[in-house]
Amino acid sequence: MNILITGGAGFIGSHVVRQFVTKYPNYNIFNLDALTYAGNLENLKDLEQAQNYVFIKGDITDEKFINKLFKGHRFSSVIHLAAESHVDRSIKDPLAFAKTNVLGTMVLLNAFKNLWQDNWQGKRFYHVSTDEVYGSLGKTGLFTETTAYDPNSPYSASKASSDHFVRAYGETYGMPYVISNCSNNYGPNHFPEKLIPLFINNIINNKPLPVYGNGLFTRDWLYVKDHAVAIDLAFHKGKNHETYNIGGFNEWTNISLVKLLCKLMDDKLQRPTGTSEGLITYVKDRPGHDLRYAIDATKIRKDLGWEPSLKFEEGLEITIDWYLKNTEWLKNVTSGAYQQYYKKQYN
Ligand code: NAD
Ligand code: DAU
């Protein structure tokens, strides 16, 4: 079975690729990634010699290239993660998000349809999406699979649009698909433009910790390897034309999460308690900042038996240890273009 995983050199994608390559030696896993600023083959160094793994550098928006690739390898399934994924970047450059997340997804859907529309038996298009498509919650309530889409940022609008196209291909052409919408992931290999790895890196370097607005925005956090396991389960056991919400049952306001992170970092770095908290700096809010995301993951728990395996404090400690051990990785990804991005975003 030839399976295409897109975006496998990124944060979540690299954990999904590892999950499939190591657990299913009888599958041939093809990882297609354009290696943008967020893609990094260092994330997959341990798999370089694996017999059932191939890396292909390429862009999902390149229609000619994608059609040729699908014809050549006749992928029976696609697990699609490639995307522009950072909300702040989507505010600065929305068109890039429409191109990759909407057009890129359509190019893949079309190539898959052209290949299999006469025989969908045993085929599957698995689309990895986000809880942000549901918009923002108030102080109470949870997102379920039937919550209406109400995206607020160019990023979430582009992901919502790609979800709609996946469904439309299912309804119109009978394409078998599964979509999962997940909450905020954290863990090793997370690019340090997102809250947790950015703040770990800044604490290591004694730099300010820029908390947006009043810090009372709430996210539901899930350890990345638990997300990879959930994708594995829903890919194999999920029902066709279904959506599964994936979340950590683990809500934190940004400021309480940051304070916990500061405490753990002080311990790890053997600095006096309170040193890292002293770096907290409240800065201008993110435009259109969603107040609260919270996932009801009952369906995947009941139907597929999935549960997060780690408590947040445990996962966060493993994550911190990983960053403190992988200083070369951190140094490499924060040199060059990262510095320009940082200046533009925070100065
Ligand atoms: P990421 O930014 O770390 O990785 C994205 C990967 O896609 C990179 O390797 C990049 O090189 C690749 N890519 C980008 N444009 C491409 C293109 N045109 N062609 C081929 N490859 C391209 O993202 P992530 O955080 O790992 O997220 C992966 C997926 O999961 C995304 O679809 C995202 O919307 C979704 N998601 C993320 C989270 C989260 O908390 N990070 C939560 C829910 C869903
Ligand atoms: O909910 C799932 C989504 O989670 C994914 O679809 C996205 O790809 C992923 O990036 C993430 O989006 P968020 O916007 O929630 O993540 P981010 O890490 O950018 O921000 C988390 C919270 O922290 C958010 O409320 C904004 C705040 N924040 C973020 C940064 C980068 C700050 O206060 N300061 C910062 O410097």
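Please refer to the structure higher up on the page.
Because the structure is predicted, anything quoted here is derived from the model rather than measured. Every chain's residues receive numbers from 1 upward, in the order its sequence appears when written. Whichever chain is written first becomes A and whichever ligand is written first becomes 1, with later ones labelled in order. Two thresholds apply to this predicted model, a pLDDT of at least 70 for residue-level local features and 80 or more for giving and counting side-chain atom pairs, whereas whole-chain, interface and lining totals are computed over all residues. Hydrogens and waters are ignored; side-chain quantities use all the structure's heavy atoms.

Trainee: Is there a simple way to think about the overall build of the protein chain in this case?
Mentor: Helices and strands together make up the secondary structure of the protein chain, namely twelve helices and twelve strands. Dimensions of the protein chain, computed from C-alpha atoms along their principal axes, come out at roughly 65 × 45 × 40 Å. Counting contacts in the protein chain only where the partners sit at least 6 residues apart, residues at least 24 apart contribute 82% of the total. Of the roughly 15,000 Å² of accessible surface on the protein chain, 52% is carried by carbon and sulfur atoms. Counted as positive: Lys and Arg. Counted as negative: Asp and Glu. His and the chain ends are not counted at all. Think of each charge as sitting on NZ of Lys, CZ of Arg, CG of Asp or CD of Glu. Of the charged side chains in the protein chain, 38 are positive and 36 negative, and the gap between their average positions amounts to 3 Å. To qualify as a helix, a DSSP run of H or I must reach at least 4 residues; to qualify as a strand, a run of E must reach at least 2; elements of each kind are numbered from the N terminus. Two residues qualify as a contact provided that any one of their heavy atoms is within 4.5 Å of a heavy atom in the partner residue. Computed with a 1.4 Å probe, the accessible areas rest on the Shrake-Rupley method; for each residue, only the protein chains presented here act as cover.

Trainee: I'm lost on the packing of helix α4 (residues 94-116) against helix α5 (residues 154-173) in this one. Help?
Mentor: The axes of two packed helices give the description: the angle between them and the distance between them. Here, axes are lines fitted to C-alpha atoms. For helices the fit covers the stretch in contact, and angles between N-to-C directions go from 0 to 180 degrees. In contact at an axis separation of 8 Å, α4 and α5 are set at 15 degrees when each is read in the N-to-C sense. In terms of their interaxial angle, α4 and α5 are classed as roughly parallel. For the crossing formed where α4 meets α5, the hand is right-handed. Of α5, the residues touching α4 (which contributes Pro 94, Phe 97, Ala 98, Asn 101, Val 102, Thr 105, Met 106, Leu 109, Asn 110 and Lys 113) are Pro 154, Tyr 155, Ser 158, Lys 159, Ser 161, Ser 162, Phe 165, Val 166, Tyr 169 and Tyr 173. The nonpolar class holds Ala, Val, Leu, Ile, Met, Phe, Trp, Tyr, Cys and Pro. Asp, Glu, Lys and Arg form the charged class, and all remaining residues, Gly among them, are polar. Considering only residue class, the contact of α4 with α5 consists of twelve nonpolar, six polar and two charged. For classification, angles of less than 35 degrees are called roughly parallel, those exceeding 145 degrees roughly antiparallel, those between 65 and 115 degrees roughly perpendicular, and all remaining angles oblique. With the far helix as reference, a near helix turned anticlockwise by less than a right angle produces a left-handed crossing, and one turned clockwise produces a right-handed crossing.

Trainee: Please clarify how the site of ligand 2 should be interpreted in this entry.
Mentor: Close to ligand 2 lie 26 residues; Thr 130, Asp 131, Tyr 155, Arg 286 and Tyr 346 are nearest. Any N or O atom pair separated by 3.5 Å or less is treated as a polar contact, with the protein-specific requirement of one donor-capable and one acceptor-capable atom, and with residues adjacent in sequence counted only for side-chain atom pairs. Within the side chain of Lys 194, one N or O atom sits 3.4 Å away from an oxygen atom of ligand 2. Taking Tyr 346, its side chain carries an N or O atom lying 2.7 Å from an oxygen atom of ligand 2. In isolation ligand 2 has 690 Å² of accessible area, and contact with the protein removes 95% of it. Of all elements in the fold, only α3 (87-92), α6 (195-204) and β8 (209-212) reach the threshold of two or more residues within the shell around ligand 2. Neighbouring residues are identified by heavy atoms, a residue being near a molecule or strand if any of them is within 4 Å of it.

Trainee: Even after reading the chapter, I still don't get the sheet that holds strand β2 (residues 28-33), so can you show me in this structure?
Mentor: In a beta sheet, neighbouring strands are held together by backbone hydrogen bonds and run either parallel or antiparallel to one another. Whether two strands pair depends on DSSP finding at least two bridges between them. Across the sheet, seven strands lie side by side as β3-β2-β1-β4-β5-β6-β10; this open sheet has parallel pairing. One side of each edge strand has no neighbouring strand; the edge strands of this open sheet are β3 (53-57) and β10 (242-246). For this sheet the average axis-to-axis angle between neighbouring strands, irrespective of direction, equals 20 degrees. In this sheet, β2 lies alongside strand β1 (residues 2-6) in parallel orientation, the contact comprising five bridges.

Function-wise, these values are silent; they only describe arrangement.
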